[in-house]
Amino acid sequence: MRSLARLYPALALLASGTAAKKLASTLEALARGVNKNIDIAQTLDGVTRCLTVGSTRPKFPRAVKPFLRYVGSDNWFAKISAKAPVGCGSSKNPFGAGGAACIGAANVFRTTFAGQLPGAKTDDEFVFSMLEFAPAAKNAPNPALPKLDFGELHLVGAGAIANGFLWALSRLCGRGELHVVDHQKLERSNLQRYVMTVQADEDHPKVELAETWLKGTGIEVKSHPAQWEDYVAERNNWHFERVAVAVDTVETRINIQAALPRQIHNSWTQGGEAGTSRHGFLGPKACLACLYMPTGTAPNYDQLIAEALGFPADEGNLKEIRRRLDLQVPTERAFLDRVAVARNIAIEKLLPFENKSLESLYIDAVCGGAVMELANPEVAKRIEVPMAFQSAFAGVLMAADVVAEVANLRDRLPTMTQIRMLSSLPELPSSGQRKAENTRCMCMDHDFIDAYKAKYKLEGESEA
């Protein structure tokens, strides 16, 4: 429901049995929290696409023949079928269920927007292991989820992917200390992608929302409304046992690796896929920075913003943009007038961004497409707004990876896992990325290696 209510203005919600009807009432309230104008019917008349959860077959009117998929889960397994109900197990493990929800929503999206997704196929019969991140073989392991002690865990970024991560953690039986680091408040444009949020959450700091969602669990949330670099600079202890990365910039990822965490779990969305990776620092496998080390030149952030707003990228404009970014200067009416003239846009469209930050104007009005498109097609290629189910799936995958390693439920997977969400599964197979020869990366620098070994008392040791 968290995914579907963000995409479709009309839903039919049918329940079979007392418990299901009680849940349906909760789901309807959730849908209206996401979109107060959503239409929710209690009949299958006119339904064109249908997801069925559990073991009940829907009874459609004779003239109705919708796209139909059955979804369900069993512990670590996410299931989908075009033929028959797949049922739901009794486990409280959220990973199979979360994976099934995202895969089901992805299939509805593919058939709804088939005209815009050439070559995309739906899934007919599939069982996916959220433990091994692969199609489940006949005897695939499906262990019970133990009680967990995360110790100290950091989550950097509390955006769309982190929403999926936090959804999973909020449903675990575990304990630990979770530090959530993010400097932004929830903007209205975020609601389209952030599956845990509702309209009433607008303008709340993202880290405070994370704290609310995990309240009552055994996981204690420490919220840090700051950028990673500022948080690290102010923190007295530079020991980071495990860091989950859900940010959207290359620079921050490299800076996270530069702080030398013991273990890193990374996640991303791009090109219709959800991805996750896992990293140590020693040994032959790629560290996090290896995946993002630049190989050429790219525009700076101030240059991207200047181009998007239609300003010449001269020294005067770039200095002003940097000042506004660094000092969080609100965008006053005179500045918006300049943007309106430069981009030939009616000022009325920009007035909602008056007294907001320049970063908000850029992210929401430009990258989010709320007001204007990017002027340069080459820049537009670098901007992508993934679907809610795509981001959520990446977050759930990363949480599953963390849990699997903390609980020692399997060996560490190869470095990268990529899952296609806008075409039929199975996934792009996990791949082991190795350090590149002659790399400039810090993981090949002896000073960094010595510092890492000293920090974690690993003299004479190496990592897989």
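Above this text is the structure in question.
Counting from 1, residues in each chain are numbered in the order their sequence is written. Whole-chain, interface and lining totals are the exception, using all residues; otherwise, since this is a predicted model, local features are given only for residues with pLDDT of at least 70 and side-chain atom pairs are given and counted only at 80 or more. Side-chain calculation: all heavy atoms of the structure are included, whereas hydrogens and water are not.

Enquirer: Residue-level account of the overall build of the chain, with values.
Expert: For helices the rule is a DSSP run of H or I covering at least 4 residues; for strands it is a run of E covering at least 2, with both sets numbered from the N terminus onward. Along the backbone of the chain there are 15 helices and 15 strands. The globule rule is 2.2 Å times the number of residues to the power 0.38, and the radius of gyration it is compared with is taken over C-alpha atoms. Its C-alpha radius of gyration of 23 Å places the chain within 12% of the 23 Å reference for a compact globule of 464 residues. Seen through its principal axes, the chain has C-alpha atoms that stretch 70 × 65 × 45 Å. Burial status across the chain gives 49% buried among its 464 residues. A contact between two residues is defined here by any heavy atoms of the two lying within 4.5 Å. Taking as baseline every contact in the chain between residues at least 6 positions apart, the subset at least 24 positions apart corresponds to 65%. Areas reported as accessible are Shrake-Rupley estimates using a 1.4 Å probe. Residue values count occlusion only from the protein chains shown. Roughly 22000 Å² of accessible area belongs to the chain as shown, and the carbon and sulfur atoms make up 51% of that amount. Distance from the positive charge centre (53 side chains) to the negative charge centre (52 side chains) of the chain: 9 Å. The buried label goes to any residue with under 20% of its type's maximum accessible area, the exposed label to any with over 50%, and the partly exposed label to all in between, with areas taken from a 1.4 Å probe on protein chains only. Charged residues are defined narrowly, with Lys and Arg counted positive, Asp and Glu counted negative, and His plus the chain ends left uncounted. Here the site of a charge means atom NZ of a Lys, CZ of an Arg, CG of an Asp or CD of a Glu.

Enquirer: Can you break down the sheet that holds strand β4 (residues 67-74) residue by residue, with the values?
Expert: Pairing between two strands requires that DSSP report at least two bridges joining them. Overall, mixed pairing links the five strands, which are arranged β3-β4-β5-β6-β7 in an open sheet. Each edge of the open sheet carries a strand with a single partner, namely β3 (49-53) and β7 (134-135). Relative to strand β6 (residues 125-129), strand β5 (residues 77-81) runs antiparallel, the two being bridged by five bridges. Among the inter-strand pairings, isoleucine 80 is bridged to a residue of β6, identified as phenylalanine 126.

Enquirer: Provide a residue-level description of the side chain of asparagine 266, including the pertinent values.
Expert: As for its placement among the helices and strands, asparagine 266 is situated in strand β12 (residues 263-270). Look at asparagine 266 and you get buried, because its relative accessible area is 0%. A polar atom in the side chain of asparagine 266 sits 2.9 Å from the side chain of tyrosine 292. Excluding its chain neighbours within four sequence positions, the residues that come into contact with asparagine 266 are Val245, Arg253, Gly275, Thr276, Ser277, His279, Leu288, Tyr292 and Met398. Polar contacts here mean pairs of N or O atoms no more than 3.5 Å apart (in protein, one a potential hydrogen donor and the other a potential acceptor; neighbouring residues in sequence count only if both atoms are side-chain atoms).

Enquirer: Explain the packing of aromatic side chains to me, and be specific about the residues and the numbers.
Expert: Geometry of aromatic contacts follows a simple scheme: Phe, Tyr and Trp rings, the Trp one being its six-membered ring, pair when their centres are within 6.5 Å, and the pair is stacked under 30 degrees between planes, edge-to-face over 60, tilted otherwise. For the structure on display, the rule yields eleven aromatic pairs. Taking the centre distance of 5.2 Å and the plane angle of 5 degrees together, the rings of tryptophan 76 and phenylalanine 95 count as stacked. Within this pair, whereas tryptophan 76 is found in the loop between β4 and β5, its partner phenylalanine 95 is found in helix α2 (residues 94-112), the two being separated by 19 residues in sequence. Since its relative accessible area comes to 0%, phenylalanine 95 is described here as buried.

Enquirer: Can you explain a negative patch on the surface? Please cite residues and give values.
Expert: The patch calculation keeps residues exceeding 30% relative accessible area without a salt bridge and links them within 9 Å when they carry like charges or within 5 Å when they are nonpolar (Val, Leu, Ile, Met, Phe, Trp, Tyr). Salt bridges are counted wherever a side-chain nitrogen of Lys or Arg sits within 4 Å of a carboxyl oxygen of Asp or Glu. Taken together, the side chains of Asp445, Asp447, Asp450 and Glu459 present a region of like negative charge at the surface. Among the structural elements, glutamate 459 can be located in the segment after α15 (446-455).

Enquirer: Can you break down the environment of glutamate 405 residue by residue, with the values?
Expert: Residue position: glutamate 405 is located in helix α14 (residues 388-406). Judged by its relative accessible area of 12%, glutamate 405 is buried. Setting aside residues no more than four positions away along its own chain, glutamate 405 makes contact with Arg242, His265, Arg278, Arg410 and Arg412. Side chain to side chain, glutamate 405 and arginine 412 meet in a polar contact 2.7 Å long.

Enquirer: I'd like to hear about helix α10 (residues 333-343), residue by residue, with values.
Expert: All buried positions along α10 are accounted for by Phe335, Leu336, Val339, Ala340 and Arg343. Seen end-on, α10 carries its buried residues on one side only, within an arc spanning 145 degrees. Of the residues flanking the end of α10, it is asparagine 344, one or two places downstream, whose phi is positive at about 55 degrees. As used here, the arc is the angular range of directions from the helix axis to the C-beta atoms.

Enquirer: Describe in detail the environment of threonine 43, supporting the description with residues and values.
Expert: Inspection of the secondary structure puts threonine 43 in the loop between β2 (39-41) and β3. Assessed through its relative accessible area of 35%, threonine 43 is described here as partly exposed. Considering only alpha carbons, one finds threonine 43 and leucine 11, 32 residues apart in sequence, at a separation of 9.8 Å. Residues in contact with threonine 43, not counting those within four places in the same chain, are Ala12 and Leu14. Reaching out from threonine 43, the side chain makes a polar contact with the backbone nitrogen of aspartate 45 at a distance of 3.2 Å.

Enquirer: Pulling in residues and values, what's your account of the pattern of salt bridges?
Expert: Tallied over the entire structure, the rule returns 20 salt bridges. When the shortest N-O distance is used, the salt bridge between glutamate 187 and lysine 356 registers 3.6 Å. Of the two residues, glutamate 187 sits in the loop between β9 (174-181) and α4 (206-213) while lysine 356 sits in the loop between α11 (347-350) and α12 (358-367), which places them 169 residues apart along the sequence. Among the residues examined, glutamate 187 registers a relative accessible area of 18% and is labelled buried. Among the residues examined, lysine 356 registers a relative accessible area of 28% and is labelled partly exposed. Residues arginine 262 and glutamate 241 are paired through a salt bridge, measuring 3.8 Å at the closest nitrogen-oxygen approach. Placement of arginine 262 in the loop between α6 (250-258) and β12 and of glutamate 241 in the loop between α5 (228-234) and β11 (242-245) is noted, with a sequence separation of 21 residues between them. In this structure arginine 262 comes out as partly exposed when scored by relative accessible area, which is 22%. Each member of the salt-bridge network shares a partner with another, and the members are Glu320, Arg324, Glu332 and Arg338.

Any link to function would need more than the numbers given here.
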